[in-house]
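Residue-level listing of the chains:
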Amino acid sequence: GGGNAEFFDAEVEKVIVPDGTKVIPDKMFLGIHAAGFEVADSLEYIGEAAFYLSDVLEMDVDFPNLKHIGKVAFMKTSVRDVVLHDKLEYIGDGAFLYVPTLRNITIDCDFFGLGSFYSFYSVFSTTSRDLYYQEQQRDKSTFGDVVFTEKSIAPPNRIAAFVYLTFNSFDFSNAKW
């Protein structure tokens, strides 16, 4: 932790987190506006509200060494695609809440083992009303897919977490049950 929204409402050409960087502190890029996003694979920790309210075009979350995504880290952002790799150990509530640009989610980890019974549901929203609002804001032409890989453990009783999210398909064919 320790960030203090240094770039709030700043306009930059590109957010670049250089190779060797392991931590993005709490609120580091809160409210930033940028046309691009480039983060090194060395990243292991994204703090709470690190990108909250940011408007970064072409923003994807796909960091193979990431272990921690803080609460509301990407809330109200323009994230397009999310890949959750097998090194992930923690994901905070509301991490991807109110992300109308979200297209694809790939779960390549034991996501449901990372938190409570409602962990997935609470990551993307806290209530069904919030999810309904989020769905109304999404560009329906960009809906993609949710894919569970062989590393995913997806008990059927937790799949209800997806009930309000709309995607073209849900692929559970490789998930462990």
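Refer to the structure above for everything that follows.
Our subject in this report is the structure included herewith. Since we're looking at a predicted model, the values are computed, not measured.

## Quick look at the overall build of the protein
Here is step 1: Assigned secondary structure in the protein consists of 2 helices and 12 strands.
Here is step 2: Its helices and strands in sequence order give the protein the pattern β-β-β-β-β-β-β-β-β-β-α-α-β-β, from N to C terminus.
Here is step 3: Within the protein, the proportion of its 177 residues that are buried is 47%.
Here is step 4: Surface summary for the protein: the accessible area is close to 8400 Å², and the carbon and sulfur share equals 50%.

## Some details on the sheet that holds strand 9 (residues 90-91)
Here is step 1: The 4 strands are arranged 2-4-7-9 in an open sheet whose pairing can be described as parallel. Since the sheet does not close on itself, it has two edges, and those belong to strand 2 (23-24) and strand 9, each with one partner.
Here is step 2: Bridge analysis of strand 7 (residues 68-69) against strand 9 gives 2 bridges, and the strand direction is parallel. Across the sheet, residue I69 finds its bridge partner in strand 9, namely I91.

## Observations concerning the sheet that holds strand 3 (residues 33-39)
Here is step 1: The 3 strands are arranged 1-3-5 in an open sheet whose pairing can be described as parallel. Because the sheet does not close on itself, it has two edges, and the strands there are strand 1 (11-17) and strand 5 (55-56).
Here is step 2: Looking at chain direction, strand 3 and strand 5 are connected through 2 bridges and run parallel. When the bridges of strand 5 are listed, H33 appears paired with D55.

## Details of the pattern of salt bridges
Here is step 1: Scanning all chains against the criterion turns up 3 salt bridges.
Here is step 2: Here K14 ties to E38 by a salt bridge, and the two come within 3.1 Å at their closest N and O atoms. Of this pair, K14 sits in strand 1 while E38 sits in strand 3; the two residues are 24 residues apart in sequence, bridging distant segments of the chain.
Here is step 3: Of the residues examined, E38 reaches a relative accessible area of 40% and is grouped as partly exposed.
Here is step 4: One salt bridge connects E44 with K22, and the closest N-O pair in it is separated by 3.5 Å. In this pair, E44 is assigned in the loop between strand 3 and strand 4 (45-46) and K22 in the loop between strand 1 and strand 2, connecting sequence segments 22 residues apart.
Here is step 5: On the basis of relative accessibility, which here comes to 23%, the residue E44 falls in the partly exposed class.

## A word on the pairing of strand 3
Here is step 1: Here 6 bridges tie strand 1 to strand 3, and the two strands are oriented parallel to one another. Considered in strand 3, the bridge of K14 is made with G36.

## Brief notes about the packing of aromatic side chains
Here is step 1: The final tally for this structure, using the stated rule, is 6 aromatic pairs.
Here is step 2: Between the aromatic rings of F51 and F74, the centroid separation amounts to 5.2 Å while the plane-to-plane angle is 5°, which identifies the pairing as stacked. Taken as a pair, F51 in the loop between strand 4 and strand 5 and F74 in the loop between strand 7 and strand 8 (79-84) lie far apart in primary sequence, 23 residues in all.
Here is step 3: For F51, a relative accessible area of 0% gives the class buried.
Here is step 4: When the centroid spacing of 5.3 Å and the interplanar angle of 5° are considered together, the rings of F74 and F96 count as stacked. Of the two residues, F74 sits in the loop between strand 7 and strand 8 while F96 sits in the loop between strand 9 and strand 10 (104-107), which places them 22 residues apart along the sequence. Here the two residues F74 and F96 agree in accessibility, since each one is buried.
Here is step 5: An aromatic cluster is built from F7, F29, F37, F51, F63, F74 and F96, whose rings are joined through pairwise contacts.

Reading guide: rules and limits
- Residues numbered from 1 in each chain as written.
- Predicted model: local features only at pLDDT ≥ 70, side-chain atom pairs only at ≥ 80, totals over all residues.
- Heavy atoms only, no water.
- Helix = DSSP H or I, 4+ residues; strand = E, 2+ residues; numbered from the N terminus.
- Buried < 20%, exposed > 50% of the residue type's maximum accessible area, 1.4 Å probe, protein only.
- Areas by Shrake-Rupley, 256 points an atom, 1.4 Å probe, with all protein chains shown as cover.
- Pairing = 2+ DSSP bridges.
- Salt bridge = Lys/Arg side-chain N within 4 Å of Asp/Glu carboxyl O.
- Phe/Tyr/Trp six-rings, centres within 6.5 Å; stacked < 30°, edge-to-face > 60°.

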